[in-house]
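# Architecture and fold: a report
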Amino acid sequence: DAGVIQSPRHEVTEMGQEVTLRCKPISGHNSLFWYRQTMMRGLELLIYFNNNVPIDDSGMPEDRFSAKMPNASFSTLKIQPSEPRDSAVYFCASSQGTGGYIQYFGAGTRLSVL
Amino acid sequence: GESVGLHLPTLSVQEGDNSIINCAYSNSASDYFIWYKQESGKGPQFIIDIRSNMDKRQGQRVTVLLNKTVKHLSLQIAATQPGDSAVYFCAETYTGNQFYFGTGTSLTVIP
């Protein structure tokens, strides 16, 4: 099993630019999660999907952030426009479903907004 | 001004010794717990889990203990090895889907 696959691994961009992070969950998993990790705030849940439907986006910082899951094997997290304070490591995780299942994490995307 | 980050508890142990990492969780209704290991530059990796109907669970070289009375979780690593050096997170859930992660403990194994 390839695990959760995220791309790119590193992204460096300038303030104001659009950034798109990508995630391919583990095949057969029907829940997908986007997290952000920073030294200041630790690991924060941004949004999660069940069966491709967004369930809870209360962790999304503001309207500049959006996430989509057009099908069971792909999700994107978009930041437009990006700001320096968005610099962080963004993780995607997937699990088999609800009711307390192990979440498996990707390797993350390290985003630097200059 | 000075930036303030999370204060990460640290633990240093000699190679071969046993390690105990502690976690206080916040919600008495939490019914499922996971320990994750995160190495530098990598994503959190599942180590072991435990449900609230159990007090103890053992894996390979690792044991998780759950004390619901005081809302405390611990991870014991036997015969700690240099490869165990990482940040360890406990995660709790009561919704079945949304996990809440602790701030983590940094473990350093001294060869």
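Coordinates for the structure precede this section.
Residues numbered from 1 in each chain as written. Chains lettered and ligands numbered in written order. Predicted model: local features only at pLDDT ≥ 70, side-chain atom pairs only at ≥ 80, totals over all residues. Heavy atoms only, no water.

## As for the interface of chain B and chain A
Taken together, the contact between chain B and chain A spans 20 residues of the former and 26 residues of the latter. For the pairing of chain B and chain A, the buried interface totals around 1,800 Å² over both sides, and the portion due to carbon and sulfur atoms is 55%. Applying the counting rule to chain B against chain A returns zero salt bridges. On inspection of chain B and its partner chain A, the count reaches three residue pairs in polar contact (both at pLDDT 80 or more). By residue number, the principal contributor to the side of chain B that touches chain A is strand β3 (residues 32-38) of chain B, which donates four residues. Counted by class, the side of chain B that touches chain A contains ten nonpolar, seven polar and three charged residues. (Contact = heavy atoms within 4.5 Å. Buried area = accessible area lost by both parts, 1.4 Å probe. Salt bridge = Lys/Arg side-chain N within 4 Å of Asp/Glu carboxyl O. Polar contact = N/O pair within 3.5 Å; in protein donor to acceptor, adjacent residues only side chain to side chain. Helix = DSSP H or I, 4+ residues; strand = E, 2+ residues; numbered from the N terminus. Nonpolar A, V, L, I, M, F, W, Y, C, P; charged D, E, K, R; others polar.)

## Examining the side chain of Glu44 of chain A
Here Glu44 of chain A lies in strand β5 (residues 42-50). Side chain to side chain, Glu44 of chain A and Arg41 of chain A meet in a polar contact 2.6 Å long.

## Some points on the sheet that holds strand β6 (residues 62-67) of chain B
Residues and elements named next belong to chain B. Taken together, four strands build an open sheet; the order of strands is β2-β7-β6-β5 and the sheet is antiparallel. The open sheet is flanked by β2 (19-24) and β5 (56-58), the only strands paired with a single partner. Sheet twist, expressed as the average angle between the axes of neighbouring strands with direction ignored, equals 15°. Here six bridges tie β6 to strand β7 (residues 72-77), and the two strands are oriented antiparallel to one another. For Leu66, the partnering residue across the bridge sits in β7 and is Leu73. (Pairing = 2+ DSSP bridges. Axes fitted to C-alpha atoms, helices over the stretch in contact; angles between N-to-C directions.)

## Here's the deal with the side chain of Thr109 of chain A
All names here are of chain A. With respect to the helices and strands, the residue Thr109 is situated in strand β11 (residues 109-113). Judged by relative accessible area, which is 0%, Thr109 ranks as buried. Among the polar contacts listed, one links the side chain of Thr109 to the backbone oxygen of Pro8, at a separation of 2.5 Å. Once you skip the residues sitting within four places of it in the chain, Thr109 turns out to touch Gln6, Ser7, Pro8, Arg9, Glu11, Leu21, Ala88, Val89 and Tyr90. (Buried < 20%, exposed > 50% of the residue type's maximum accessible area, 1.4 Å probe, protein only.)

## Focus on the nonpolar core
Membership of the largest hydrophobic core comes to 21 residues, with the highest contact counts inside it found for Trp34, Leu77 and Tyr90 of chain A. Put simply, the parts of the chain that give this core at least two residues each are β3 (19-24), β4 (31-38), β5, β7 (65-71), β8 (74-79), β9 (88-95) and β11 of chain A. Not counting chain neighbours up to four residues away, the residues in contact with Tyr90 of chain A comprise Gln6, Leu21, Tyr35, Arg36, Leu46, Phe65, Leu77, Ile79, Gly108, Thr109 and Leu111 of chain A. Counting 19 residues, the second-largest nonpolar core is a separate cluster that includes Phe33, Tyr88, Leu107 and Val109 of chain B. (Core = buried A, V, L, I, M, F, W, Y, C linked by side-chain atoms within 4.5 Å.)

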